[in-house]
Amino acid sequence: MDFVVLLGPPGAGKGTQAKLLAQELGIPHVSSGDLFRDNLARKTELGLLAKSFMDRGDLVPDDVTVRMVIDRIGHPDCEAGVILDGFPRTLGQAVALDDALVAAGRCVSVAPLIQVPDDVLMDRLTARRICRQCGAVFNLVSNPPEVPGVCGECQGELYQRDDDNSETVRNRLYTYYRDTAPLIGYYFARKLLVEVDGQQSIDDVQTALVAAVRSMPGDCQ
Ligand code: AMP
């Protein structure tokens with residue numbers, strides 16, 4: 001197994017599942033959204049550029065995004081494989097990723113698609129709360145913290161992402177269908193797509209994902 005590209009609309013559970021999958025497989029989880037948020041927190045030029053796009057729920061331009069992610073996956077911790085979460089998000093990004101991987105003798109091994117209906121996504125995203133300290137994800141409806149506003153894992157403070165308000169969520173979903181959904185065909189044509197029902201329990205989605213990853217050939221021939 002080399003690169004795992006997790007596909008699915010915002011709110012499908014890619015982040016939660018990517019973390020679990022990374023633990024299970026012993027390889028890093030690289031989230032383009034987290035890389036942008038980290039840059040934003042450090043007030044880098046890249047972070048400030050990304051902010052206006054993120055606030056609207058629009059995609060950050062491909063050239064900037066591709067450069068940031070290709071740089072990250074070139075680090076030594078990525079040699080045994082990577083779980084990519086939120087990248088690629090456009091056909092241009094997918095082609096740039098393939099070009100970079102081919103040049104390095106590497107490949108995308110599998111592209112699991114986590115499927116969840118739109119009305120469920122809206123509810124999930126607007127009720128999502130995240131721990132400022134450890135990044136644990138809660139949901140006020142389906143997975144509420146025991147003490148309101150407090151992380152059950154580390155007692156950190158919970159917050160709502162700026163882009164999880166209903167207006168921005170609607171635009172993120174629209175952007176997903178316009179720009180990212182074409183990737184389903186791209187990976188299907190390469191026989192890398194595996195569909196997973198994202199409305200199952202977190203454990204059952206994880207079991208299906210592990211099976212999907214293990215069902216694919218381990219090398220890049
Ligand atoms: P996420 O955490 O994956 O939901 O990403 C949050 C926001 O970061 C998105 O709404 C985009 O504005 C930006 N972003 C994350 N990944 C990408 C990407 N691959 N291409 C362009 N923009 C991205």
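Residues numbered from 1 in each chain as written. Predicted model: local features only at pLDDT ≥ 70, side-chain atom pairs only at ≥ 80, totals over all residues. Heavy atoms only, no water.

### A short note on the site of the ligand
If you check the shell around the ligand, you find 16 residues, and the closest are Ser 32, Arg 37, Asp 58, Gly 86 and Gln 93. Measuring from a nitrogen atom of the ligand, one finds a side-chain N or O atom of Ser 32 at 2.8 Å. Here a nitrogen atom of the ligand and a side-chain polar atom of Gln 93 are 2.9 Å apart. When isolated, the ligand has an accessible area of 480 Å², and the protein chains bury 96% of it. Here the shell around the ligand gets four residues from one element, more than from any other, and that element is helix α2 (residues 32-41). Class assignment for the residues of the shell around the ligand results in five nonpolar, five polar and six charged. (Near = heavy atom within 4 Å. Polar contact = N/O pair within 3.5 Å; in protein donor to acceptor, adjacent residues only side chain to side chain. Areas by Shrake-Rupley, 256 points an atom, 1.4 Å probe, with all protein chains shown as cover. Helix = DSSP H or I, 4+ residues; strand = E, 2+ residues; numbered from the N terminus. Nonpolar A, V, L, I, M, F, W, Y, C, P; charged D, E, K, R; others polar.)

### Topic: the sheet that holds strand β5 (residues 128-131)
The antiparallel open sheet is built from three strands, whose spatial order is β6-β5-β7. Two strands lie at the open edges of the sheet, namely β6 (137-139) and β7 (158-159), each paired on one side alone. As paired strands, β5 and β7 are joined by two bridges and run antiparallel to one another. The partner of Cys 131 across the bridge, within β7, is Leu 158. (Pairing = 2+ DSSP bridges.)

### Some words on the environment of Thr 180
Here Thr 180 lies in helix α7 (residues 166-180). Separated by 89 residues in sequence, Thr 180 and Leu 91 have C-alpha atoms that sit 7.3 Å apart. Beyond its immediate chain neighbours, meaning those up to four positions away, Thr 180 contacts Pro 88, Arg 89 and Thr 175. In this structure the side chain of Thr 180 is engaged in a polar contact, spanning 2.7 Å, whose partner is the backbone oxygen of Arg 89. (Contact = heavy atoms within 4.5 Å.)

### What about the pattern of salt bridges?
Summed over the entire model, instances satisfying the criterion amount to 14 salt bridges. A salt bridge links Arg 56 to Asp 58, with the nearest nitrogen and oxygen atoms 2.9 Å apart. A salt bridge links Asp 163 to Arg 172, with the nearest nitrogen and oxygen atoms 4.0 Å apart. The buried category is assigned to Asp 163, whose relative accessible area is 10%. Assessed through its relative accessible area of 10%, Arg 172 is described here as buried. Among the ionic contacts, a cluster of salt bridges with common partners joins Arg 128, Arg 161, Asp 163, Asp 164 and Arg 172. (Salt bridge = Lys/Arg side-chain N within 4 Å of Asp/Glu carboxyl O. Buried < 20%, exposed > 50% of the residue type's maximum accessible area, 1.4 Å probe, protein only.)

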